[in-house]
Amino acid sequence: MKIKLKTLILGVGNEILGDDGIGIQVARDLKKRLRRRTDIDVKEASAGGLRLIEEMLDYDKVIVVDAIATGKTEVGRIFRLSPSEFDSTRHLSSSHDLNFATALRLGENYAPNRMPKEIVVYAIEIKDFSVFTKRITAKVREAGLRVVDAILKELES
Amino acid sequence: MKTVTIDPITRLEGHGKISIFLDDRGNVANAYFQVPELRGFEKFCEGRFVEEMPDITARICGVCPEAHHMASTKTLDAVFNVEPSSAAKKLRELLYSAFYVYDHTTHFYILGGPDFVVGPEAPPEERNIFGVIRKVGVEAGKYVIKQRMDALEIVSMIGGRKVHPTFGVPGGISKPLKETERARIEEMAKEEVKFAQFSLKLFEDIVLKNKTYVDLITGDTYTHKTYYMGLVDDKNRVNFYDGKIRVVDPDGNEFVKFPASDYLNHLEERVEPWSYLKFPYLKKVGWKGFVDGKNSGVYRANTLARLNAADGMATPLAQEQYEKLYETLGGKPVHATLAFHWARLVELLYAAERLLELSQDSEITDPNVRRPITETPSEGVGVVEAPRGTLYHHYQTDERGIVQKVNLIVGTTNNHAAICMSIKKAAEGLIKNGEVSPGILNMVEMAFRAYDPCFACATHTLPGQMPLEVDIYDSRGKLKKRLTRF
């Protein structure tokens, strides 16, 4: 028996490392806008890998918002990625306890009934995240606002 | 001079880069382990209310926020000169014990364990959590994941949140524990004790019964005779949350024992031009370079170091395992770097037993968990054992409690010099006259992974294009060859 579909929005990043905090900022913006939606939870996580997967358990859909630093595109560019696109980065190193794709594979293999059916990742290209500050640069902040709009639209459809 | 660069390392918590410099004959001259710089932390903290520090410092690291939160909270006790109630201290230690169960489980099975459980000779694509599960079986794999999550649930029951606990305040914690929560924790703690025993049995069956592994652990490649540091209780037993800092010399004799507030009299930090990270060493012995021995101030912290620096464990089952470790490896102290993995499991058992003890203590549901602040804030030092080594926080404030100065020595930093030494020694065995043996990645990675290093993990950025790479340069600095793992 299916109860109500539940969606999680998970803002990831570090709010004391400047632009790395954009995922957290987007989550906060969305929390205000989605206050009345009982079918949507909004959380923040300054962590990665398995800890993120553990936050996602038992939701139907999860939307992750994070910063990304490919160094190959302009700052503020928005990527909308699905887990299958993460396959190509599966073996890449990360600063997390496990990289996200490996943690995801672990969840799919060993807690399949509790994993969300759909995971979407919004990633915003950033450049500098090596100085402790709470300031987010204008281009990244503006991209964050566009992600807020995109997610609201995605939730309506 | 040739340069061999390994960048970055798989399964390392935080970005790191290894550079190996060869001499004119093509043998190892020096090895450096570098981390990216994160700038301006002190400046960021200065001018803020000191009560914000447990939250801010917990955000330095996405891997061990609990350790920073706890050290910071203890520093606030000292800054405000307030002694928490016994119940509050026990609840803090209870959360911290659950955190240790969680963190050591993660390291043994996911980060460090694959080297042993799957095998040091196994191809890199096998040496990961999936390889571990293939070896131990799916049921055991599910068991590991469940026990890790249970420990995390205990952390969030007391700490308020799963990732960044918010419960520490000067003079205690923010909320008491309900009886229903206590009972639930007790049930989970019983299972964690069994799980720790299961893990030690697994280590015995897979590692200790295999002579090749034991020879690798005790072999010279992974041995350094250094000083060891760890927190001990009043009976000189390992304690993660509180006590005095004890240092033993390479022969295992007590060198010094001091309270947290005295740390600046005993530790000095070496600055090297090639690294943003400092190298702490024992002030009274002095810095003699990246060398081991009694005359060198290089010391080690982390699991095996804590066991070496103590006289035993405070819980019965862990004490048995402690004795077994030293009997098997030839008495105290043990200098084998790879034995840090074994010591981690002895500590896992201690943490689980301590968790159970505390969960059965009737005092922990006492509602009196916060003492009022009556004194003017000034200066304080707070120390805990982070899983990766002794963690020091030191704050100075003005009379309003505004932060004027911050100094931290984080867990892994204690081992920074030793990590460089271990990498060099492993590389020496595998690079001869310019010939780089293909096993070098595995062996070098094993050397530093035993320390469970975690550098500057403040960034949580999704990964970009960063395959594991070895760059080899000729004597004129021209790139000769690039080896890529994935």
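Conventions and cut-offs
- Residues numbered from 1 in each chain as written.
- Chains lettered and ligands numbered in written order.
- Predicted model: local features only at pLDDT ≥ 70, side-chain atom pairs only at ≥ 80, totals over all residues.
- Heavy atoms only, no water.
- Helix = DSSP H or I, 4+ residues; strand = E, 2+ residues; numbered from the N terminus.
- Buried < 20%, exposed > 50% of the residue type's maximum accessible area, 1.4 Å probe, protein only.
- Contact = heavy atoms within 4.5 Å.
- Areas by Shrake-Rupley, 256 points an atom, 1.4 Å probe, with all protein chains shown as cover.
- Salt bridge = Lys/Arg side-chain N within 4 Å of Asp/Glu carboxyl O.
- Phe/Tyr/Trp six-rings, centres within 6.5 Å; stacked < 30°, edge-to-face > 60°.
- Lys NZ or Arg CZ within 6 Å of the ring centre and 35° of its normal.
- Pairing = 2+ DSSP bridges.
- Axes fitted to C-alpha atoms, helices over the stretch in contact; angles between N-to-C directions.
- Parallel < 35°, antiparallel > 145°, perpendicular 65-115°, else oblique.
- Left-handed = near helix turned anticlockwise from the far one by under 90°.
- Polar contact = N/O pair within 3.5 Å; in protein donor to acceptor, adjacent residues only side chain to side chain.
- Nonpolar A, V, L, I, M, F, W, Y, C, P; charged D, E, K, R; others polar.

A. Looking closely at the overall build of chain A. Helix and strand counts for chain A come out as five helices and five strands. Seen in sequence order, chain A has helices and strands lined up from the N terminus as β-α-β-α-β-β-α-α-β-α. Burial status across chain A gives 60% buried among its 157 residues. For chain A, long-range pairs separated by at least 24 residues make up 80% of all intrachain contacts whose partners lie at least 6 apart in sequence. Split by element, the accessible area of chain A, about 7,200 Å² in all, is 50% carbon and sulfur.

B. Just the overall build of chain B, in detail. What chain B contains, in helices and strands, is 15 helices and 18 strands. Residues counted as buried form 64% of the 486 residues belonging to chain B. Of the contacts made within chain B by residues no fewer than 6 positions apart, 68% connect residues no fewer than 24 positions apart. Summed over its atoms, the accessible surface of chain B is roughly 17,300 Å², and 49% of this surface lies on carbon and sulfur atoms.

C. Local environment of the pattern of salt bridges. Here the structure, examined in full by the defined rule, presents 46 salt bridges over all chains. With its nearest N and O atoms 3.7 Å apart, the salt bridge here joins Asp41(A) to Lys6(A). Within this pair, whereas Asp41(A) is found in strand 2 (residues 40-45), its partner Lys6(A) is found in the segment before strand 1 (7-12), the two being separated by 35 residues in sequence. Residue Asp41(A) is classed as partly exposed on the basis of its relative accessible area, which comes to 23%. Its salt-bridge partner being Arg388(B), residue Asp103(B) comes within 2.9 Å of it at the nearest N-O pair. With Asp103(B) in helix 4 (residues 86-117) and Arg388(B) in the loop between strand 12 (379-386) and strand 13 (389-397), the pair connects residues that are 285 residues apart, well separated along the chain.

D. The packing of aromatic side chains, seen in detail. Using the criterion set out here, one finds 22 aromatic pairs over all chains in the structure. Taking the centre distance of 3.6 Å and the plane angle of 0 degrees together, the rings of Tyr100(B) and Phe240(B) count as stacked. One end of the pair, Tyr100(B), is in helix 4; the other, Phe240(B), is in the loop between strand 6 (227-232) and strand 7 (244-248), with 140 residues separating them in the sequence. Its relative accessible area of 0% is what places Tyr100(B) among the buried residues. Aromatic ring contacts, followed pair by pair, group Phe108(B), Tyr109(B), Tyr143(B), Phe195(B), Phe198(B), Phe203(B) and Trp342(B) into a single cluster. The aromatic ring of Phe130(B) is capped on one face by Arg105(A), whose charged end is 3.7 Å from the ring centroid. Residue placement shows Lys74(B) over the ring face of Tyr241(B); its charged tip is 4.7 Å from the ring centre.

E. Looking closely at the sheet that holds strand 12 of chain B. Residues and elements named next belong to chain B. Reading across the sheet, the three strands line up as 12-13-14 and stay open at both edges, with antiparallel pairing between neighbours. Pairing within the sheet leaves two strands with one partner each, and these edge strands are strand 12 and strand 14 (403-409). Ignoring strand direction, the axes of neighbouring strands in this sheet form an average angle of 15 degrees. Bridge analysis of strand 12 against strand 13 gives eight bridges, and the strand direction is antiparallel. Looking at the pairing, Gly382 lines up with His393 of strand 13. Sheet strands in contact with helix 3 (residues 65-79) are strand 12 and strand 13, and its direction is about 150 degrees off that of strand 12.

F. Highlighting helix 2 (residues 49-56) of chain A. Residue and element names in this part refer to chain A. Of all eight residues making up helix 2, eight are buried, and the element is well covered by its neighbours. Where helix 2 is concerned, the buried positions are Gly49, Leu50, Arg51, Leu52, Ile53, Glu54, Glu55 and Met56. Within two residues after helix 2, Asp58 carries a phi angle of roughly 75 degrees, on the positive side.

G. Geometry of the pairing of strand 14 of chain B. All names here are of chain B. Looking at chain direction, strand 13 and strand 14 are connected through six bridges and run antiparallel. Looking at the pairing, Tyr392 lines up with Ile409 of strand 14. Turn length for the strand 13-strand 14 hairpin, with the two strands adjacent in sequence and antiparallel, is five residues, and the turn residue Gly401 shows positive phi of about 90 degrees.

H. Spotlight on the packing of helix 4 of chain B against helix 7 (residues 179-208) of chain B. Residue and element names in this part refer to chain B. The interhelical angle for the contact between helix 4 and helix 7, taken along N-to-C directions, is 25 degrees, at an axis separation of 12 Å. Here helix 4 lies roughly parallel to helix 7, going by the angle between them. Judged by the sense of rotation from one axis to the other, the crossing of helix 4 with helix 7 is left-handed. In this structure, helix 4 contributes Leu94, Val101, Thr105, Phe108, Tyr109, Phe116 and Val117 to the contact, and helix 7 contributes Ile185, Glu192, Phe195, Phe198, Ser199, Leu202, Phe203, Ile206 and Val207.

I. Structural context of the side chain of Lys74(B). Residues and elements named next belong to chain B. Considering the arrangement of structural elements, one finds Lys74 in helix 3. Of the polar contacts made by the side chain of Lys74, one reaches the side chain of Asp242; its length is 2.9 Å. Beyond its immediate stretch of four places on either side in the chain, Lys74 contacts Arg92, Tyr241, Asp242, Gly382, Val383 and Val384.

J. The arrangement of the environment of Leu216(B) in detail. All names here are of chain B. Examined against the element boundaries, Leu216 turns out to sit in helix 8 (residues 211-218). In the structure, Leu216 is positioned 191 residues away from Arg25 in sequence and 28 Å away in space, judged by C-alpha atoms. Not counting chain neighbours up to four residues away, the residues in contact with Leu216 comprise Pro120, Tyr222, Leu338, Met443 and Met446.

K. Main features of the sheet that holds strand 5 (residues 118-125) of chain A. All names here are of chain A. A sheet is described by the order of its strands in space; here five strands give the open sequence 2-1-3-5-4, paired in mixed fashion. The open sheet has two edge strands with one neighbour each: strand 2 and strand 4 (78-81). Taking each pair of neighbouring strands and ignoring which way they run, the sheet shows an average axis angle of 15 degrees. The pairing of strand 4 with strand 5 spans four bridges and is antiparallel. Within the sheet, the bridge partner assigned to Phe79 lies in strand 5 and is Ala123. Along the sheet face, helix 2 touches strand 1, strand 2, strand 3 (61-68) and strand 5 and points at about 155 degrees away from the line of strand 1.

L. Structural view of the side chain of Asp19(A). Residues and elements named next belong to chain A. Tracing the sequence through the fold places Asp19 in the loop between strand 1 and helix 1 (22-33). A distance of 2.7 Å separates a polar atom in the side chain of Asp19 from a polar atom in the side chain of Thr137. Those residues in contact with Asp19 that lie beyond four places of it in its chain are Ala67, Ile126, Asp128, Arg135, Ile136, Thr137 and Val140.

M. Layout of unusual backbone geometry. Here Lys332(B) and Pro333(B) are connected by a cis peptide whose omega angle stands at -15 degrees. Despite not being glycine, Asp58(A) shows a phi value in the positive range, around 75 degrees. Considering the arrangement of structural elements, one finds Asp58(A) in the loop between helix 2 and strand 3.

N. Expanded view of the packing of helix 1 of chain A against helix 5 (residues 138-156) of chain A. Residue and element names in this part refer to chain A. Helix 5 packs onto helix 1 with a crossing angle of 45 degrees between their chain directions and a minimal axis gap of 9 Å. Classified by the angle their axes make, helix 1 and helix 5 are oblique. Pair helix 1 / helix 5 crosses with right-handed handedness. Where helix 1 approaches helix 5, its residues Ile22, Gln25, Val26, Asp29, Leu30 and Arg33 are matched on the opposing element by Val140, Arg141, Gly144, Leu145, Val147, Val148, Asp149, Ile151 and Leu152. The residue makeup of the contact of helix 1 with helix 5, split by class, is nine nonpolar, two polar and four charged.

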